[in-house]
Amino acid sequence: MKAVVMAGGFGTRIQPLTHSLPKPMLPIVNRPMMEHVIVKLRDELGIKEFVILLYFKPETIKEYFGDGAEWGISITYVLPDDDYGTAGAVKCAQKHLKEENFIIVSGDLVTDFDFTQIVTAHKEAEAKLTIALTPVEDPLQFGVVITDEEDRIEKFLEKPGWGEVFSDTINTGIYIIEPEILEYIPHETNFDFAKDLFPLLMEEGITLYGPQVKGYWRDVGNPHSYRDVYADILGGQVDFDFSGYHIEPDKDLLYAPQQSDYSHVDVKGTVILGEHVTIGRNVKLHNVVIGDRVRIEDGVTMHNCVLWNEIVIAKEAKLCSAVICDNNRLGEHTVIKEGAIIAENCDILDDVTIEKDVIIWPEKVIEEGAIVSNNVIWGSKYKASIFEEGTVRGRTNIELSCEMSTKLAESLGTMLPFGSKVYVSRDYHRSSRMLKRAFLGGLLSSGINVVDVTYMPSAVMRHALAGNEEISAGVHFRQSISDKTHTEILFFTEEGLRIDTNMAKNIERAFFRESFRRVDPDDIGEITMADALEKNYTAELLDHLNLEAIRLNETKVVVDMMNGAVAKIYPELLNRLGIEHIMLNINPDEKKLSTLPTLEKKSRHNLSRVVKSLEYDLGFVVYPNGQKMLISTDEGEVLSPQTELLTVLNLLDRTAEAPRKVFLPSWAPDIYDTKFGNLIIERGKYRNFTAKKLQEYYLVASVEGNFAFTEFALNRDAIYASFKVMELLSLHHLRLSELADEVRGFYYREERVACPSSQKGKMMRKFLEDAKGKRASMEDGVKIWLGEDDWILMIPDQYDESLNLYIQALDEEKGREILERYRNKIEDWLGETDDG
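Here we summarise the structure given alongside this text. (Residues numbered from 1 in each chain as written. Predicted model: local features only at pLDDT ≥ 70, side-chain atom pairs only at ≥ 80, totals over all residues. Heavy atoms only, no water.)

## A few points about the packing of aromatic side chains
Stage number 1. Within the structure shown, the criterion is met by 24 aromatic pairs.
Stage number 2. An angle of 85° between the planes, with centres 5.6 Å apart, marks the rings of Y686 and F689 as edge-to-face.
Stage number 3. By relative accessible area, Y686 is classed as buried at 13%.
Stage number 4. An aromatic cluster of at least three residues, connected via ring pairs, comprises F663, W667, Y686, F689, Y697 and Y806.
Stage number 5. Residue placement shows R775 over the ring face of W785; its charged tip is 3.8 Å from the ring centre. (Phe/Tyr/Trp six-rings, centres within 6.5 Å; stacked < 30°, edge-to-face > 60°. Buried < 20%, exposed > 50% of the residue type's maximum accessible area, 1.4 Å probe, protein only. Lys NZ or Arg CZ within 6 Å of the ring centre and 35° of its normal.)

## Examining helix α22 (residues 812-831)
Stage number 1. Over its 20 residues, α22 extends 29 Å from the first C-alpha to the last, a length consistent with the 28 Å expected when each residue adds 1.5 Å.
Stage number 2. Buried within α22 are the following residues: G815, I818, L819, Y822, I826 and W829. End-on view of α22: buried residues confined to an arc of 95°, all on one side of the axis. Those residues of α22 that are exposed and angled more than 90 degrees off the buried face are E813, E827, D828 and G831.
Stage number 3. On the buried face of α22, the contacting elements are β46 (747-754), α21 (760-771), β48 (782-785), β49 (791-796) and β50 (802-809).
Stage number 4. Capping the start of α22, D811 holds a side-chain oxygen 3.2 Å from the backbone nitrogen of E813, two or three residues further along. (Helix = DSSP H or I, 4+ residues; strand = E, 2+ residues; numbered from the N terminus. Expected span 1.5 Å × (residues − 1). Arc of directions from axis to C-beta. Contact = heavy atoms within 4.5 Å. Polar contact = N/O pair within 3.5 Å; in protein donor to acceptor, adjacent residues only side chain to side chain.)

## A closer look at the sheet that holds β49
Strand pairing in a sheet takes place through backbone hydrogen bonds and is either antiparallel or parallel in direction.
Stage number 1. Taking strand neighbours across the sheet as the criterion, the 5 strands line up as β46-β50-β49-β48-β47 in an open arrangement whose pairing is antiparallel. The open sheet has two edge strands with one neighbour each: β46 and β47 (776-777).
Stage number 2. Against the sheet, α21 makes contact with β47, β48, β49 and β50, and its axis sits at roughly 25° relative to β48, the strand it touches most. (Pairing = 2+ DSSP bridges. Axes fitted to C-alpha atoms, helices over the stretch in contact; angles between N-to-C directions.)

## What about the packing of α21 against α22?
Stage number 1. For the pair α21 and α22, the least separation of the axes is 11 Å and the interaxial angle reads 125°. With respect to their mutual orientation, α21 and α22 come out oblique. Classified by chirality, the crossing of α22 by α21 is right-handed. Contacts between α21 and α22 involve K762, M763, K766, F767 and D770 on the former and, on the latter, Y822, K825, I826, W829 and L830. (Parallel < 35°, antiparallel > 145°, perpendicular 65-115°, else oblique. Left-handed = near helix turned anticlockwise from the far one by under 90°.)

## Some words on helix α8 (residues 402-415)
Stage number 1. Across its 14 residues, α8 extends 20 Å between first and last C-alpha, which sits within 8% of the 20 Å expected from 1.5 Å per residue.
Stage number 2. By the criterion of burial, α8 is predominantly enclosed, with 10 of the 14 residues buried.
Stage number 3. All buried positions along α8 are accounted for by M404, S405, K407, L408, A409, E410, S411, L412, G413 and T414.

## Observations concerning the pattern of salt bridges
Stage number 1. Taken as a whole and assessed by the stated rule, the structure comprises 45 salt bridges.
Stage number 2. Among the salt bridges present, the one from D228 reaches R218, with a minimum N-O distance of 3.8 Å. Of this pair, D228 sits in helix α6 (residues 223-234) while R218 sits in strand β12 (residues 217-219), and the two are 10 residues apart along the sequence.
Stage number 3. K421 is paired through a salt bridge with E470; the nearest N and O atoms lie 3.5 Å apart. Residue K421 is located in strand β33 (residues 421-426), and its partner E470 is located in the loop between α10 (458-466) and β35 (471-479); the two are separated by 49 residues in the primary sequence.
Stage number 4. Residue classification places K421 among the partly exposed residues on the basis of a relative accessible area of 32%.
Stage number 5. Note on E470: relative accessible area 54%, which makes it exposed.
Stage number 6. Through salt bridges with shared partners, one network takes in E388, R393, R478 and E488. (Salt bridge = Lys/Arg side-chain N within 4 Å of Asp/Glu carboxyl O.)

## Focus: unusual backbone geometry
Stage number 1. Here the bond from Q15 into P16 is cis, since omega is 5°, no more than 30 degrees from zero.
Stage number 2. On the secondary structure map, P16 appears in the loop between β1 (2-7) and β2 (27-28).
Stage number 3. Of note, the phi angle at E363 is positive, near 60°, even though the residue is not glycine.
Stage number 4. Residue position: E363 is located in the loop between β28 (359-360) and β29 (365-366).
Stage number 5. Phi angles above zero are rare outside glycine, and A532 is one such case at about 65°.
Stage number 6. For A532, the location among the structural elements is in the loop between β37 (527-529) and α12 (533-543).

Printed below as a string of structure tokens:
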């Protein structure tokens, strides 16, 4: 048997640890991570022939391992000429793998798995391809797998969102493959094992096996997981090979490479020392790993720390849970608080305090007496991922500082062709204005031209973006609707859609590696002001409506603008159409908008009261950025979100001259689908849309007041949606109250239940077990039918520590019973200590 070691990853999310090292070369107890993997394969399976797949910083790996003779093995290096994905990279090594089966292992993991168990399972099953599986607390970053009783794989999904997690059993990236399987992988094509090869093999009828392997396994993907590996090793949770180290007597556990006198050192827990380590007097070490050529001076205290090589820690320094990379000097009385990382080649002068979770990037000098609290510091979520569904969110002036805004702009600019044009807009808030101005500078420095849209609803900017072939992207700044201390930066493609996961990852890669395109002074971008966006938007919106029908019907409407940017557009449209109207909260008011829940409550109350007392035909609350709306009927009832959706669907069905396709999220009520004879309704995952996919539908809507009528725009647009509703009511002389009454009489509820992220995979598995024998769907979360029209859908929240429950039932009594039953089940499942 041969071994293939995957060693080509960029290590983007573990920056700055991988600033000058590829991730497989990061030290784990003073040896590269990949060396532990190679030695384990050699010793347990007797493998002597290794193929190492390279891509990022290949010379570092080659220089260290050479031909493998030092380890008693033979190494063949394969360097693909492009990024061909995981399976595509292995295809490049096919000529070295033709004779016998081989095992594939990632070079950037830490495990104490018994590899012989995996090989035995592969042989006993007479498998063509075996995937080693193991349960983990947080399965989001891995491929999730379900097997039957005989370990045959039934379903898997690569790197799912929480709504897609159907198990906490994951693909470890350890495979045993028969050589004929390589024939299914195309040459010089980006081809992934989980996304491409495994589904293809299953379609071809080839059974994949997935035995569960017990033991420790961790993918080292970010600085937090890197520290966790050390905590697990030093805490005895890993069956780790400490060969080559001498255990000092009369200490807790002091490992040194040779017999040395460290009797003067105060040791607690497990301490591991490299070569040529000198330690002064009155030094206290508790769970510490120290590399080679390190000097620890008198009076130093270190707790849960990792030190690489060529480091000096001066007198009386105090370090807690820190990672100190190569070639650093920490001055006297330095204090480093929990979670800090000091990248290579830094000089920290005397009396410096580095606050919790600060990351200091390479080659920085920190002046004497400095208190470092925000020098390259990001909130914990930014260590793993900056983007959430095409949006960057953070505390204003803390996580989302001007510095970060500029870096994000430089990262985006680097991804776009030189000389591209980008729309940039903002809402009413001063924080949006501040961060937008910082962002503009970053775009200009990368040779991008900016079209400044200034203060504008994002719906208007997105509409203009989709209609202008000269504009390559759009960015909108807004205060968070849910938290006034947070700002959100929304990134849009040239089609006016949120950027997808791939584009977000590319921007993040540039961000973390700081690999920005910095142009010459003559090539710096220019700023021009957007021209006639409002005018063009208004004209096109009116072109899409039956103006005569609206005017003849003499519609009377009340509209609450919620003090947002929509007020720049809406009143003129009403006036152009000759609609009798009353406008509420029309003037921008930053103070009111900082307490949006209170404003929303007042807006609902006032809208209902005004529509009812003046006997108007309908009313709308249009949210500040023009993407969401509430509807009031002619009787003054502000509809609940689910009734609003069903009422609009009823209106479309009643007025359709031909069948219309509609897309809804998986959690939307479906109890009236059979009633809507003129609608073809599809449900699915409500994210990562492409323009081509959206164009298949007449309407794309949510249960949260979002509507995209694709005849006008592919994005959510409450301005157009509200006028479309008025048009359809006018054309057919319908009343909203009657339409709403036709879609009532059932129970629908959204509920959020607290659940730690570490338990979300377990909850998905428990729901799947509960679904056995019942009609169920796993397209988005787990949906279980408990009757013809009664169901519960559970989707773990992608970002918060909670589960989202959606319940539909024929009546309130049944719905409440379902909700209470599953609340109790979740409570019991969370309390279980045995996941099995």
